[in-house]
Amino acid sequence: MTTLPPNPALEPLKPLLGEWTIRIPTFEEAEAAVTCEWLEDGAFLRIHSESPPPFPTATQLVSRDDSSDVYTVLYYDSRGVSRVYQMTFDNGLWKMWRDAPSFDQRFSGTLSDDGRTIQAAWEKSLDNETWEHDFDIIYTKVA
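All of the points below concern the structure found in this document. Because the structure is a prediction, the values reported are computed rather than measured. (Residues numbered from 1 in each chain as written. Predicted model: local features only at pLDDT ≥ 70, side-chain atom pairs only at ≥ 80, totals over all residues. Heavy atoms only, no water.)

With that settled, the discussion passes to the environment of Glu129. Tracing the backbone through its elements, the reader meets Glu129 in the loop between strand E9 (117-125) and strand E10 (132-141). Residue classification places Glu129 among the exposed residues on the basis of a relative accessible area of 67%. C-alpha of Glu129 to C-alpha of Glu29: the two residues are 100 residues apart in sequence and 33 Å apart in space. (Helix = DSSP H or I, 4+ residues; strand = E, 2+ residues; numbered from the N terminus. Buried < 20%, exposed > 50% of the residue type's maximum accessible area, 1.4 Å probe, protein only.)

With that settled, consider the layout of surface pockets. Gaps between atoms show up when a probe of the same size as a water molecule is rolled over them. In this structure, the largest pocket spans a volume of roughly 730 Å³. As for the largest pocket, its lining consists of 32 residues, and the residues nearest its centre are Pro56, Tyr75, Trp122, Phe135 and Ile137. With four residues, E10 is the single largest residue contributor to the lining of the largest pocket. (1 Å grid on protein atoms, 1.4 Å probe; cavity = no way out; pocket = protein on both sides within 12 Å on 5 of 7 lines; lining within 4 Å. Points joined across faces, edges and corners; volume = space filled by probe spheres on them.)

Scanning the entire structure with this criterion turns up seven aromatic pairs. Their ring planes at 85 degrees and their centres at 6.2 Å tell us that Trp20 and Tyr139 sit as a pair that is edge-to-face. On the criterion of sequence distance, the pair formed by Trp20 in strand E1 (residues 18-23) and Tyr139 in strand E10 is long-range, its members being 119 residues apart. In this structure, Trp20 and Tyr139 share a single accessibility class: buried. With centroids separated by 5.5 Å and ring planes inclined at 55 degrees, the aromatic side chains of Trp94 and Tyr139 adopt a geometry described as tilted. Placement of Trp94 in strand E7 (residues 93-98) and of Tyr139 in strand E10 is noted, with a sequence separation of 45 residues between them. Grouping residues by exposure puts Trp94 and Tyr139 together as buried. Counting every residue linked through ring pairs, the aromatic cluster contains Trp20, Tyr75, Tyr85, Trp94, Phe107, Trp122 and Tyr139. Sitting above the plane of the Tyr71 ring, Arg64 keeps its charged end 5.4 Å from the centroid. One Lys or Arg, Arg106, reaches over the ring of Trp131 and ends 3.9 Å from the middle of that ring. (Phe/Tyr/Trp six-rings, centres within 6.5 Å; stacked < 30°, edge-to-face > 60°. Lys NZ or Arg CZ within 6 Å of the ring centre and 35° of its normal.)

This part is about the side chain of Gln105. By secondary structure assignment, the location of Gln105 is in strand E8 (residues 104-111). A polar side-chain atom of Gln105 sits 3.5 Å from a polar atom in the side chain of Arg83. Apart from the residues lying within four places of it in its own chain, the contact partners of Gln105 are Arg83, Tyr85, Met96, Trp97, Arg98, Trp122, Glu123, Lys124 and Trp131. (Polar contact = N/O pair within 3.5 Å; in protein donor to acceptor, adjacent residues only side chain to side chain. Contact = heavy atoms within 4.5 Å.)

Below, the structure is given as structure tokens:
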């Protein structure tokens, strides 16, 4: 079987690789394990979270058209929820968003200078106009 070469369009995502723990401060006890790894020797990025109930376990597959700076994220979780997000990652600023009837979402996170933490937050809009804070999320790199 022939292996694919690493996708050069994904090179900027290298700081996300590794094992992370995520914590949502609103739910003090809640922690999840997140793994960010290459699939197919670097052709795609896989982000997988293992969460305790009642939070969903989820997998995201990331890639992009080599003529664009915007990535596409395919999301699927243990609730059966399937979503498509757009994403950028530039100079440690990680953004993800989706525009969907009656439920827009956006995520913004900042990678620390040492690459060990990401401070982030999710927002939502139920009317596709007015945004409200949904929750904060903190990523801590463990490996």
